[in-house]
Amino acid sequence: ETPFFLDLSIVCVVLITRFGFQSVDLVGGAIGTRRDLARCKLITYYRASTNRSRSAQVDWFIAELDIEDKIKYVKMDMGQEEHKDPAKNAHPFFKVPCMKLDDKNETVIFESANILGYLAKRFDGFDLSEEQRREMESWTIWLNASFIPAVVNEKTRERGYESLDILENILKTRDFICTFNKFSVADVAVTYLLSSLARLLPGFPNFEESHPALAAYLAKNQAREAYQKTLVAQA
Ligand SMILES: N[C@@H](CCC(=O)N[C@@H](CS)C(=O)NCC(=O)O)C(=O)O
């Protein structure tokens with residue numbers, strides 16, 4: 001009996017002779033076509049052209065996950081207000097970051113906490129349980145929904161800063177922010193946002209003096225290869 005691959009070679013030879021190479025590509029393409037097509041599709045990531053926006057934490061996490069090859073980057077010059085052009089930015093409110101997914105409906109997702117959570121769930125290799133993911137996302141959501149609104153408002157800023165004492169106590173007892181004590185998307189968000197806010201907000205505590213465990217934690221995370229590659233090298 002003729003082995004399958006010999007059958008296939010005969011078909012190819014006949015096709016080359018009659019129709020040229022293009023037809024052989026078609027035969028090859030027909031094998032597992034659907035799966036290959038799905039693999040080729042990229043996630044479109046709308047981000048600022050500089051690292052001075054929340055896009056930067058998403059870049060860092062993409063580098064941690066080593067999935068740059070799955071992403072099509074659309075960089076927008078915020079100074080030129082390119083992000084406000086509906087032809088360039090899929091975000092319904094014309095902000096960054098935003099992603100158009102590679103699914104059939106090309107679902108658009110926004111809010112950095114949600115984007116980080118999505119990437120963590122889809123690409124994270126840590127083998128986390130659903131409960132651990134919920135714990136992780138509590139931190140990304142807390143930062144955006146509670147901490148940032150508190151510290152950007154002059155009236156509530158001092159109360160907001162008090163939460164940093166709680167972080168300090170947590171980081172005295174473990175290396176990373178979540179109780180499962182592994183590096184996670186929660187550490188990306190906490191590290192990125194605390195170091196950015198430290199530069200932007202008046203009276204932001206000098207962690208070296210006031211919160212040594214937090215200072216050591218930030219320095220350790222900022223020394224990571226993916227952080228250096230994205231946030232330092234591209235600054
Ligand atoms: N809560 C949103 C905030 C998004 C946001 O305000 N992004 C800023 C950059 S950090 C932006 O796009 N600003 C441009 C504008 O408002 O026109 C998130 O975390 O994604």
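As the structure is a prediction and not an experimental result, all values here were calculated from the model.

Procedures and definitions
Residues numbered from 1 in each chain as written. Predicted model: local features only at pLDDT ≥ 70, side-chain atom pairs only at ≥ 80, totals over all residues. Heavy atoms only, no water. Near = heavy atom within 4 Å. Polar contact = N/O pair within 3.5 Å; in protein donor to acceptor, adjacent residues only side chain to side chain. Areas by Shrake-Rupley, 256 points an atom, 1.4 Å probe, with all protein chains shown as cover. Nonpolar A, V, L, I, M, F, W, Y, C, P; charged D, E, K, R; others polar. Salt bridge = Lys/Arg side-chain N within 4 Å of Asp/Glu carboxyl O. Buried < 20%, exposed > 50% of the residue type's maximum accessible area, 1.4 Å probe, protein only. Helix = DSSP H or I, 4+ residues; strand = E, 2+ residues; numbered from the N terminus. Phe/Tyr/Trp six-rings, centres within 6.5 Å; stacked < 30°, edge-to-face > 60°. Core = buried A, V, L, I, M, F, W, Y, C linked by side-chain atoms within 4.5 Å. Domains from an automatic or database assignment. Contact = heavy atoms within 4.5 Å. Lys, Arg positive; Asp, Glu negative; His and termini not counted.

Trainee: Outline the site of the ligand, listing residues and values.
Mentor: Taken together, S53, R54, M78, H83, K84, K95, V96, P97, E111, S112 and N144 make up the full set of residues adjacent to the ligand. Within the side chain of H83, a nitrogen or oxygen atom sits 3.0 Å from an oxygen atom of the ligand. Measuring from an oxygen atom of the ligand, one finds a side-chain N or O atom of S112 at 2.6 Å. For the ligand, the protein covers 74% of the area, taking 510 Å² as the surface of the free molecule. Looking at side-chain class alone, the shell around the ligand contains 3 nonpolar, 4 polar and 4 charged residues.

Trainee: If you had to explain the pattern of salt bridges to someone new, which residues and values would you point to?
Mentor: A full pass over the atoms with the stated rule returns 12 salt bridges. E130 is paired through a salt bridge with K121; the nearest N and O atoms lie 3.7 Å apart. What makes E130 partly exposed here is its relative accessible area of 37%. Since its relative accessible area comes to 52%, K121 is described here as exposed. Across the salt bridge formed by R134 and E130, the nearest N and O atoms sit 2.6 Å from each other. Of this pair, R134 and E130 are both found in helix α6 (residues 130–152), 4 residues apart, which corresponds to roughly one turn of the helix. By relative accessible area, R134 is classed as partly exposed at 45%.

Trainee: Provide a residue-level description of the packing of aromatic side chains, including the pertinent values.
Mentor: The relation between two aromatic rings is expressed through the spacing of the ring centres and the mutual angle of the planes. Applying the stated criterion across every chain, the model contains 9 aromatic pairs. Ring centres of F93 and F110 lie 6.0 Å apart, and the angle between their planes is 70°; on these two criteria the pair is classed as edge-to-face. Of this pair, F93 sits in the loop between β2 (71–76) and β3 (98–100) while F110 sits in strand β4 (residues 108–110), and the two are 17 residues apart along the sequence. On the basis of relative accessibility, which here comes to 58%, the residue F93 falls in the exposed class.

Trainee: I'd like a description of helix α4 (residues 55–65), backed by residues and values.
Mentor: Burial of α4 is extensive: 10 of the 11 residues sit out of reach of the surface. Looking only at α4, the buried set comprises S55, A56, Q57, V58, D59, W60, F61, I62, A63 and L65. D66, located one to two residues past α4, shows a positive phi value of around 60°.

Trainee: Describe in detail the nonpolar core, supporting the description with residues and values.
Mentor: Ranked by internal contacts, the top residues of the largest apolar core, which has 56 residues, are M99, L119, L164, I177 and L194. At 9 residues, helix α8 (residues 185–200) tops the list of elements feeding residues into this core. Taken domain by domain, the makeup of this core includes at least three residues from each of domain 2 (40–121) and domain 3 (128–232). Beyond its immediate chain neighbours, meaning those up to four positions away, M99 contacts I43, T44, Y45, Y46, V58, I62, I71, T107, V108, I109, I115 and L119. Core analysis: the next-biggest nonpolar cluster, separate from the first, contains 6 residues, Y46, A48, M76 and V96 among them.

Trainee: Hey, could you go over the side chain of R157 for me, with residue numbers and the actual values?
Mentor: With respect to the secondary-structure elements, R157 resides in helix α7 (residues 157–173). Comment: no salt bridge for buried R157; closest opposite-charge side chain is E154, at 5.3 Å. Of the polar contacts made by the side chain of R157, one reaches the backbone oxygen of V151; its length is 2.7 Å. Once you skip the residues sitting within four places of it in the chain, R157 turns out to touch A150, V151, V152, L201 and P202.

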